[in-house]
Amino acid sequence: MATHYHGRPIEPYRLGVLIDLPDHPGLSDAWPDAIQLACDEVHARGLLERPVELVVREVYAQPWASAHGLIRAYRELVEEHDVMGVIGPMTSDNCLAVLPEVERLGVPTGTICGSTKYVGDYAYAFANGGLADEPALIAAWLKANGHRRIAVLRERTQIGEEFAQFFRYDLQPNGLVVTAEPPVYPATSVAELVDALEVCRDSKPDALVYLGLGGINQWVRPALEQIGWDPPRIQTTAFVSATYSIERAQRLEGWVGVDQYDERNEVFATVLERFTARYGYTPANSGMSTAYDLGHAFALALGRMRFATPQALRDALDTLRRVPACTGGPGTIITLGPNDRRAYKGADFLILRRAANGTTTFESVAPVTPWEQPS
């Protein structure tokens, strides 16, 4: 496509990328790479008339610090770099902190946060999980495996509380009861985790559930080994870190977890091949897939704009329908609309994986089955 108009160069479109989980190999490095790959591929297909330039910022925000630095970085991307849209931040607490700025500045902002509270005219959720959706999947797995008495490790954060709220809704329909629910903070220690796990173990549950972002995952294996407890156990998309490296998978030995990396998804498999060929490493995980989906959606929308403003980009994002997703099980699609900014659709946009021997394997889906119908 033309690079000049009347002798003057045509500027690329700029997108901001805001990473609030720095130094997470397999995630923070793969995110901008996958976004750029998707944008470049849409441009190469002739669906976008300009290339896309990414402006990347990495910020330690919550739970390490307050959200002030993150909010400043967001404003800088919009007000100093003239980005058309922003991809990020990643976590629910940080996305909720920046949401007032998203709406005030009127810039489409796509995230992977799972909170149902991330809602607005410019707020787009390509949820890497879902705080309202994952508990139902966990409850279905517990019921299918005959686990009725459940001990819960609940994180004392916005994420943990929202998970717990929706998990409680799924207890009675699945015949589950909670035997213990000690709260834990993500910045913990083995000793503190041992105390909480002893409360769980002593309640004599059939299984252990962890509801949180994953801060405890580096300590949970030694804590369980210290008290000699090896229960059936399942956790939220805190589990996705097990797909980042052998060491992180070893941390979660024996856990089942909610994930969106599904090797059966043909879109994912072929995107991963192209990613590896271009960048020389292979992030087989949902961090890469959600980043590609975000880049793909924003690039398609940039190509559909009729004038170049963030508001026009928002309107174009709202025209996307049935875009095959790189994320989730086979058949997952991306569909958006003026009153629907939660991108992923399909019964299997969340699946389950199991960690064993330094790797993860597909565990199951949670089929949508009807309740017992009256005769």
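Values in this document were obtained by computation on a predicted structure and should not be read as measured data.

1. Concerning the sheet that holds strand E16 (residues 344–345)
Paired through their backbone hydrogen bonds, the strands of a sheet run either parallel or antiparallel.
Here is step 1 of the chain: With antiparallel pairing, the three strands of this open sheet are ordered in space as E14-E15-E16. Because the sheet does not close on itself, it has two edges, and the strands there are strand E14 (323–324) and E16.
Here is step 2 of the chain: In this sheet, E16 lies alongside strand E15 (residues 333–334) in antiparallel orientation, the contact comprising two bridges. Bridge pairing links Ile334 to Tyr344 in E16.

2. Brief notes about the environment of Val368
Here is step 1 of the chain: Mapped onto the secondary structure, Val368 falls in the segment after strand E18 (359–364).
Here is step 2 of the chain: Distance from Val368 to Pro222, taken between C-alpha atoms, is 36 Å for residues 146 residues apart in sequence.

3. Regarding empty space enclosed by the protein
Here is step 1 of the chain: Per the counting criterion, the structure on display carries one cavity of 30 Å³ or more.
Here is step 2 of the chain: If you trace the largest cavity, you find it lined by Pro63, Asp93, Glu155, Thr157, Ile159, Pro186 and Leu213.
Here is step 3 of the chain: Looking at the lining of the largest cavity residue by residue, the classes come out as four nonpolar, one polar and two charged.

4. Examining the packing of aromatic side chains
Here is step 1 of the chain: Inspection of the entire model under this criterion finds six aromatic pairs.
Here is step 2 of the chain: With a centroid separation of 5.2 Å and an interplanar angle of 45 degrees, the aromatic rings of Tyr261 and Phe268 are classed as tilted.
Here is step 3 of the chain: Judged by relative accessible area, which is 3%, Phe268 ranks as buried.
Here is step 4 of the chain: Taken together through their ring pairs, the aromatic side chains of Phe275, Tyr279 and Tyr281 make up a single cluster.

5. Some remarks on the environment of Leu272
Here is step 1 of the chain: Mapped onto the secondary structure, Leu272 falls in helix H9 (residues 266–279).
Here is step 2 of the chain: You can call Leu272 buried: its relative accessible area is 12%.
Here is step 3 of the chain: Considering only alpha carbons, one finds Leu272 and Gly85, 187 residues apart in sequence, at a separation of 25 Å.

About the cut-offs
- Counting restarts for each chain: residues are numbered from 1 in the order of the written sequence.
- pLDDT decides what is reported in this predicted model: residues at 70 or higher carry local features, side-chain atom pairs at 80 or more are listed and counted, and totals for whole chains, interfaces and linings draw on all residues regardless.
- The basis for every side-chain value is the complete set of non-hydrogen atoms in the structure, without hydrogens or water.
- At least two DSSP bridges between two strands are required for those strands to pair.
- In this text, helices come from DSSP runs of H or I with a minimum length of four residues, and strands from runs of E with a minimum of two, each type numbered from the N-terminal end.
- Here a cavity is any set of points on a 1 Å grid over the protein atoms alone where a 1.4 Å probe fits but cannot get out, and a pocket is any open set with protein on both sides within 12 Å along at least 5 of 7 lines; a residue lines the site when it has an atom within 4 Å of a point.
- Grid points are joined across faces, edges and corners, and a volume is the space filled by probe spheres set on the points.
- Under the scheme applied, nonpolar residues are Ala, Val, Leu, Ile, Met, Phe, Trp, Tyr, Cys and Pro; charged residues are Asp, Glu, Lys and Arg; polar residues are all the others, including Gly.
- Working definition: a ring pair exists when centres of Phe, Tyr or Trp rings (six-membered ring for Trp) sit within 6.5 Å. Plane angles under 30 degrees give stacked, over 60 give edge-to-face, the rest tilted.
- Only protein chains enter the area calculation, which uses a 1.4 Å probe; residues under 20% of their type maximum are buried, those over 50% are exposed, and those in between are partly exposed.

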